[in-house]
Amino acid sequence: MSRLLTQALKTIEFYKVTNLHHNELLDILGDILLLRQEHKNSIENILFPVDERLIAAKLRGGFPLIDFSRIEFDFTRPREYFLSLLNMADQKGYIEATELAQKIVSGRVDFEKLLSGAINLNADGELPEDEEDVAFELIDFLLDECLRPELEKVAEKYAEIVGATGWTEGYCPICGEEPKIGEIKDDDEIRHLFCYHCGFKWSFDPVKCPFCGNQEYQSLAYFTIESEERYRVDVCNSCNRYIKMVDFRDTGLQANLDVEDVATLHLDLLAYEEGYN
């Protein structure tokens, strides 16, 4: 087990004692992190090909490296990982996960169509009508997660190249996903945005909305919660979007943003209540 994974699991256990609001989700996340590492270690080749001849041009033009609409890939490994995630959810008592796994194995639910809807490969990729009862938040999260190890492999392979290009967009340069959370690590207040889809981090302007590009001071703000000064929510009153930020500079700790995203779900609720999305 890697040092970073060990630290993440320790942080989860700490939050389960001190953050009683999200215990169940944190418990599930701990199991997911272990399954993710196990699956990732078994990957021998990259599932999502990147044309290295086009990398420089794509990044200069603001295009992420992976274009899902132009990729035909083998669904075997994501399917196996998704079933292992559903099995984990089953052991946690989620009956819906059990039922969905059985339907995928029996062929009553087409996993490729299910996953295609999750990653927007085509307009027809969606749950069949009789499956709407299981398309709740956990299943959606596990669908995203089943591609995470594969996408992390791409992110790790090209991280140095992407970092050297000075990417300035608010969406991920690897897979194009929008960030939900980020962190401040430097004294210059530069934000490091995090992609939950592939685990990539990239630096971003401290005074700019990552979603609409707004840079007007008057319409950019943030809010915090008393006793939780390490967390803040950056908001844009131009597009009404928000992003959570973590500041661990005074602790010397390295934030695991998968863990912090779950531990700060109450900030998402506050943002929604204030009219941000």
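Residues numbered from 1 in each chain as written. Predicted model: local features only at pLDDT ≥ 70, side-chain atom pairs only at ≥ 80, totals over all residues. Heavy atoms only, no water.

Student: I tried to follow the sheet that holds strand 3 (residues 201–204) on my own but got confused; where do I start?
Tutor: Pairing between the strands of a sheet comes from backbone hydrogen bonds, and it takes one of two forms, parallel or antiparallel. Read from one edge to the other, the open sheet built from six strands follows the order 3-2-1-6-5-4, with strand pairing classed as mixed. With one partner strand each, in any of the chains shown, strand 3 and strand 4 (220–223) form the two edges of the open sheet. Neighbour-to-neighbour, the strand axes of the sheet open up by a mean angle of 30 degrees, direction not taken into account. (Pairing = 2+ DSSP bridges. Helix = DSSP H or I, 4+ residues; strand = E, 2+ residues; numbered from the N terminus. Axes fitted to C-alpha atoms, helices over the stretch in contact; angles between N-to-C directions.)

Student: I tried to follow the environment of Lys10 on my own but got confused; where do I start?
Tutor: Topologically, Lys10 is positioned in helix 1 (residues 3–18). Considered as a pair, Lys10 and Ser219 are 209 residues apart in the sequence and their alpha carbons are 39 Å apart.

Student: Looking at this model, I keep getting lost on the pairing of strand 1 (residues 181–184). Mind explaining?
Tutor: As a general feature of sheets, a regular strand has side chains that alternate between the two faces. Side-chain alternation along strand 1 places Ile181 and Glu183 on one buried face and Gly182 and Ile184 on a second face that is also buried. Where strand 1 folds back on strand 2 (residues 191–194), the antiparallel hairpin that results is connected by six residues, among which Glu189 adopts a positive phi of roughly 70 degrees. In the sheet, strand 1 pairs with strand 6 (residues 241–247) via four bridges, with the strands oriented parallel. The residue bridging Glu183 from the neighbouring strand is Val246, located in strand 6. (Buried < 20%, exposed > 50% of the residue type's maximum accessible area, 1.4 Å probe, protein only.)

Student: For this particular structure, what's the right way to read the packing of aromatic side chains?
Tutor: Both the distance between ring centres and the angle between the ring planes are used here to describe each pair of aromatic rings. Here the structure, examined in full by the defined rule, presents nine aromatic pairs. Seen from their ring centres, Phe75 and Phe111 are 6.4 Å apart, and the 85 degrees between their planes marks the pair as edge-to-face. Placement of Phe75 in the loop between helix 3 (55–60) and helix 4 (76–91) and of Phe111 in helix 6 (residues 111–118) is noted, with a sequence separation of 36 residues between them. Neither Phe75 nor Phe111 differs from the other in exposure class; each is buried. Ring plane angle 35 degrees and centroid distance 5.6 Å describe the contact between Phe82 and Phe111, whose orientation is recorded as tilted. In this pair, Phe82 is assigned in helix 4 and Phe111 in helix 6, connecting sequence segments 29 residues apart. According to the relative accessible area criterion, Phe82 is buried, its value standing at 0%. Phe111 sits in the buried class, given a relative accessible area of 4%. Each member of the aromatic cluster is reached from another via a ring pair, and the members are Phe48, Phe68, Phe73, Phe75, Phe82 and Phe111. (Phe/Tyr/Trp six-rings, centres within 6.5 Å; stacked < 30°, edge-to-face > 60°.)

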